[in-house]
Amino acid sequence: MSEFPTGDFRLTRTLDDDAADAALRADVREGLTGSPKSLPPKWFYDSRGSELFEEITRLPEYYPTRAEREILQERAGEIAAVSGARTLVELGSGSSEKTRHLIEALPALDTYVPVDVSESALRGAAEVLLADRPGLRVHALVADFTRPLALPPSPGPRLVVFLGGTVGNLLPPERAAFLRSVRAMLSPGDALLMGTDLVKDEAVLVAAYDDAQGVTAEFNRNVLAVIDRELGADFHTADFAHVAVWNREHEWMEMRLRARVDALVKIRALDLVVPFTAGEEILTEISAKFRQEGVRGELASAGLELSQWWTDREGRFALSLSIAAATAEEEVRDSGEVRGAGTPGRANREAQASATAD
């Protein structure tokens, strides 16, 4: 771990320089030798993939970004009032563009902690934010938010933000583990703001993942271009068709790449040859769609109590605010702290953090 403080900006790296390469190698080997074949969606996002996704968010068929932005614009004041956050932690922050609505609505905000795997994105976003709000402290973490995180010291209450419906890219066991890891970051009374795309008409969902212009198809095939470039593979992307289907049983969208012809793909960096038969598919993404009661149950299983539920005017997308419930262990600890039997309790910790910040 290394830190690079500059004024009100501090950056901490928790990933080794070769972490991304090692993870890509492991994911490709495991995914393309498995049955059925699969690849994690995080490998869509090289510079070209990020450009394509930005283009997707502007397509008429792709409603989630517009719907979530509508909620943030209309409800930021309520979110700020309910959370009372002095520290805002954003998982998968990217450009931090949507989060600015929250930052502007939080007058008592002391510290912003963006978390992303891209150091350049973190630095770029911090530069823009600090120009607009010079008194804000920004402590960026170069980290993989799907792994347990140690957050830097900062005043409470904390609000952890996870936008974009990205939680839907996780399989149910992965979601459960992720939500437990978020709860572990929080003290009782801290909050999680999470974006979830909602179950709706199948035709609307399929169109959002298979647009008429073919941008999503190019985005999907880009994962093969990443493997070609980074691992010396010889995928011919035109030999794979983009497929988007609604899985009614699991209530999630699936994106797949279907081989148009028989092929033998060599991946030199892995000393691996991967055979494909015509019609064989690679699962590249799931995107679960949610119902309110299902979200409530998943949050409760992780020790988070659903407090607020906001949707856009058409009911397509939801932001949920959940509060960290005190565990029995935390109640015993805090009870002892109040009596002076241990380390400073939550109120004292926050007072100390506030005094330090001031």
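Throughout what follows, the structure given in this document is the object of discussion. A quick note: this is a predicted structure, and the numbers were derived from the prediction, not measured.

## Observations regarding the sheet that holds strand β3 (residues 37-38)
Spatially, four strands are ordered β3-β13-β10-β9 in an open sheet, and the strand pairing comes out mixed. Either end of the sheet is taken by a strand with one partner, and the two such strands are β3 and β9 (240-247). Here strand β10 (residues 252-259) pairs with strand β13 (residues 281-288) via seven bridges, running antiparallel. Residue pairing for β13: Trp-252 is matched across the bridge by Ala-288.

## Focus on the pattern of salt bridges
Counted by the stated rule, this structure contains 27 salt bridges. Note that Arg-48 and Glu-218 form a salt bridge whose closest N and O atoms lie 2.8 Å from each other. Of this pair, Arg-48 sits in helix α2 (residues 47-56) while Glu-218 sits in helix α8 (residues 215-231), placing them 170 residues apart in sequence. Here Glu-218 falls in the partly exposed class, since its relative accessible area comes to 38%. With a shortest N-O distance of 2.9 Å, Arg-229 and Glu-230 are connected by a salt bridge. Several salt bridges converge on common partners, so that one network encompasses Glu-254, Arg-256, Arg-258 and Glu-281.

## Digging into α8
Here α8 contains 17 residues, and its C-alpha end-to-end distance of 24 Å stays within 8% of the 24 Å for a straight helix at 1.5 Å per residue. Of all the bends in α8, the largest measures some 30 degrees and sits at Asn-222. By the burial criterion, the buried members of α8 are Val-215, Thr-216, Ala-217, Phe-219, Asn-220, Asn-222, Val-223, Leu-224, Val-226, Ile-227 and Leu-231. Looking at the residues trailing α8, positive phi occurs at Gly-232, about 65 degrees.

The rules behind each value
- Residues numbered from 1 in each chain as written.
- Predicted model: local features only at pLDDT ≥ 70, side-chain atom pairs only at ≥ 80, totals over all residues.
- Heavy atoms only, no water.
- Pairing = 2+ DSSP bridges.
- Helix = DSSP H or I, 4+ residues; strand = E, 2+ residues; numbered from the N terminus.
- Salt bridge = Lys/Arg side-chain N within 4 Å of Asp/Glu carboxyl O.
- Buried < 20%, exposed > 50% of the residue type's maximum accessible area, 1.4 Å probe, protein only.
- Expected span 1.5 Å × (residues − 1).
- Bend = angle between axes of the 7 residues up to and from the residue.

Nothing here speaks to function; it is geometry throughout.
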